[in-house]
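Spelled out from the first residue to the last, the chains are:
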Amino acid sequence: MLTETPNATSRVEVLDRLRSLCLEHGLERLAVDLGELIGIVQDDLVQLEIELDELRGGERLSERAAAHLLTQGGKRLRPLCVLLAARVGSGSSRPAIDLAVAAELVHNATLLHDDVVDLATERRGHVAARAEYGNAASIFAGDWLLIEALQRVRRAAVPGTLDLLLQVIAEMIRAESLQLECRGRLDTRRDVYLDIAEGKSATLFGWALRAGAAAGGLGPAGCAALGDFGRHLGLAFQIVDDLLDLTGDPAVTGKALFTDLREGKMTYPLLVALERDVDLRAHVERVLDYARLGQEPSLDLCRIVQRRLHESGAVAESQTLAAAEIGRARACLAALPASEATRALELVAEATLHRRH
């Protein structure tokens, strides 16, 4: 049995959040099934939090900036995927825990860097690390987390996982650069958006599932199937994230409405709506004008954009695309023997469609 601490035990939040979300949507059966999932990975998640807690005690400015973000929690979805993938195979192990920690650290490193690029003032409903400690400290904090992640993967010594993670990080940087080039361009094509989403989000999810599978001793076919599951799950996650930016409740998401749009990031529902509604462009440009002045758009303007997004069918199409990606993800599991762990992954995928934060 892995060691538990009160602090770590109280932080097994990702499953509780998914369960609450299902109850809010009237999905009682799914909520009950997710409750049973806790018994599969609870000890693993407790150990994950213990490991993350140990990274929060540094005194250097960059370490404090990293701790500032890590302390705010997060969904922990990527490490959860690592741990469940490992249980599709032989189960929990020291290497699986290291790989799960690495997945979370890489994700948080990208958030620290993103906030500097975006000049963000908030993250997860709190003051952003860059606003608290400065841009340089936030950049170095992200670099430190990346190095720590790579060291964890090297220590895990699971064949192929380090080389693959290096490829994933390179792909994430390429996608971020492409997004920067497209910033504020309302004529961004859908295929360019999907390229960015694949690189920014789907690749890390794919690595998390593939790495967990390898840690669990699965063969090449099993690792490939779970890696594909992760990529489809990651793309669906990003599309739902896009919808939340435009239609979510800031009190729940912890992020101001239209944050991505005001940062000039073109998201899937917005691109679809702009293709279908020629008059929407002027309203979106007004939102961007507010952003250039450092101001928030008026509530009336936000409501106009939201109404046109719905009327154009862009919200419905985005939901359909996310659901299709979840369907593709679940189909990937057909190549694997049925088990508690594969059922758990199906449940996580299903719950992802209904998340509100």
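Use the structure listed above.
Residues numbered from 1 in each chain as written. Predicted model: local features only at pLDDT ≥ 70, side-chain atom pairs only at ≥ 80, totals over all residues. Heavy atoms only, no water.

## Things to note about the overall build of the protein
At step 1: The number of helices and strands found in the protein is 18 helices and two strands.
At step 2: Accessible surface, the protein as shown: approximately 14900 Å² in total, 52% of it carbon and sulfur. (Helix = DSSP H or I, 4+ residues; strand = E, 2+ residues; numbered from the N terminus. Areas by Shrake-Rupley, 256 points an atom, 1.4 Å probe, with all protein chains shown as cover.)

## Let's talk about helix α14 (residues 268–276)
At step 1: With seven of nine residues buried, α14 lies mostly within the body of the structure.
At step 2: Of all the residues in α14, the buried ones are Y268, P269, L270, L271, V272, A273 and L274.
At step 3: Contacts from the buried residues of α14 go to α10 (190–215), α11 (220–247), α13 (259–262), α15 (280–292), α16 (299–311) and α17 (314–332). (Buried < 20%, exposed > 50% of the residue type's maximum accessible area, 1.4 Å probe, protein only. Contact = heavy atoms within 4.5 Å.)

## Structural notes on helix α6 (residues 94–118)
At step 1: A rise of 1.5 Å per residue sets the reference length of α6, with its 25 residues, at 36 Å; its end C-alpha atoms lie 36 Å apart and thus fit the reference within 8%.
At step 2: Among the residues trailing α6, L119 stands out with phi positive, at a value near 55°. (Expected span 1.5 Å × (residues − 1).)

## Things to note about the nonpolar core
At step 1: If you look at the biggest cluster of nonpolar residues, it comprises 100 residues, and the most contacted ones within it are L99, W207, L226 and F229.
At step 2: The element best represented in this core is α11, accounting for 13 residues.
At step 3: Setting aside residues no more than four positions away along its own chain, F229 makes contact with L209, A329, R330, C332, L333, L345 and A349. (Core = buried A, V, L, I, M, F, W, Y, C linked by side-chain atoms within 4.5 Å.)

## Looking at the pattern of salt bridges
At step 1: Evaluated as defined, the whole model comprises 32 salt bridges.
At step 2: A salt bridge links E263 to K265; the shortest N-O distance between them is 3.3 Å.
At step 3: Judged by relative accessible area, which is 15%, E263 ranks as buried.
At step 4: We classify K265 as buried; its relative accessible area is 9%.
At step 5: The residue E285 makes a salt bridge to R281 at a minimum N-O spacing of 3.3 Å. Remark: R281 and E285 occur in helix α15; sequence separation between them is four residues, near one turn of the helix.
At step 6: Overall, E285 belongs to the partly exposed group, its relative accessible area being 34%.
At step 7: Where salt bridges share partners, they join E51, R94, D98, E148, R152 and R155 into one cluster. (Salt bridge = Lys/Arg side-chain N within 4 Å of Asp/Glu carboxyl O.)

## Comments concerning unusual backbone geometry
At step 1: Of note, A157 is a non-glycine position whose phi angle comes to about 55°, a positive value.
At step 2: Position of A157 among the secondary structure elements: in the loop between α8 (135–156) and α9 (161–181).
At step 3: With a phi close to 65°, F258 is a non-glycine residue in the positive phi region.
At step 4: Take F258: it is sitting in the loop between α12 (250–253) and α13.

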